[in-house]
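What the coordinates show
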Amino acid sequence: AGALQTSGDYTLFATAASEQGNFGEAQSVIDEGLANKKVDPNAKLARDIIKGLKDKPKPTAAELETAAAAAKTATAFNAVGNRFYGLGNYARAADLYRKAAAAGGDANLANLHLGMALVRAGDKAGGIAALKSVTGEYAPIAGYWLVY
């Protein structure tokens, strides 16, 4: 969404993604920050993050497809969807978020993620509809995406 503006934004996002085990997304965020010169690779925190991500598992799309085929629970569908989202495959992520909801997952979380993925995939109307259906604790985040 273009919200990351400073080195701190990029390193905070990468750290949060890493803490959730989403090393592919963390790597993508750091790579973006390095490419646009917002992250200094010589800064201690950036160096630590880059070093820490070096040997972390970053599944390929093929490996994620295998994981998606094996998924049976809402949590598993959501986790694999998050990994596809991190790879920039928003359409596939949206499909998995729909499966998470259908498997009995938290509808608000599923619709938040679905809306984000649909918007990023270019389905603005679908994304808006999903985001407008979010209530409860995720409603403020959905509101930010609706502004976007």
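Because the structure is predicted, anything quoted here is derived from the model rather than measured.

Structural notes on the packing of helix α8 (residues 124-132) against helix α9 (residues 139-147)
Each packed pair of helices is defined by two parameters, the angle between the axes and the distance between the axes. In contact at an axis separation of 9 Å, α8 and α9 are set at 155° when each is read in the N-to-C sense. Put simply, α8 runs roughly antiparallel to α9. The handedness of the crossing between α8 and α9 is left-handed. Between α8 and α9, the residues in contact are Ile128, Leu131 and Lys132 and Ala142, Trp145 and Leu146, respectively.

Comments concerning the nonpolar core
Grouped together as the largest cluster of nonpolar side chains are 25 residues, with contacts concentrated most on Tyr85, Leu112 and Ala117. Ranked by residues supplied to this core, first place goes to helix α6 (residues 90-102) with six residues.

So, helix α1 (residues 7-19)
Between its first and last C-alpha, α1 extends 18 Å over 13 residues, near the 18 Å set by a 1.5 Å rise per residue. Within α1, the full set of buried residues consists of Tyr10, Thr11, Ala14 and Ala17. Down the axis of α1, the sector holding all buried residues measures 130°, keeping them to one side. For α1, the exposed residues set more than 90 degrees away from the buried face come down to Leu12 and Glu19. The secondary structure elements touched by the buried residues of α1 are α2 (23-35) and α3 (44-54). Following α1 by one or two positions, Gly21 adopts a phi angle in the positive range, close to 80°.

Thresholds applied
- Residues numbered from 1 in each chain as written.
- Predicted model: local features only at pLDDT ≥ 70, side-chain atom pairs only at ≥ 80, totals over all residues.
- Heavy atoms only, no water.
- Axes fitted to C-alpha atoms, helices over the stretch in contact; angles between N-to-C directions.
- Helix = DSSP H or I, 4+ residues; strand = E, 2+ residues; numbered from the N terminus.
- Parallel < 35°, antiparallel > 145°, perpendicular 65-115°, else oblique.
- Left-handed = near helix turned anticlockwise from the far one by under 90°.
- Contact = heavy atoms within 4.5 Å.
- Core = buried A, V, L, I, M, F, W, Y, C linked by side-chain atoms within 4.5 Å.
- Buried < 20%, exposed > 50% of the residue type's maximum accessible area, 1.4 Å probe, protein only.
- Expected span 1.5 Å × (residues − 1).
- Arc of directions from axis to C-beta.

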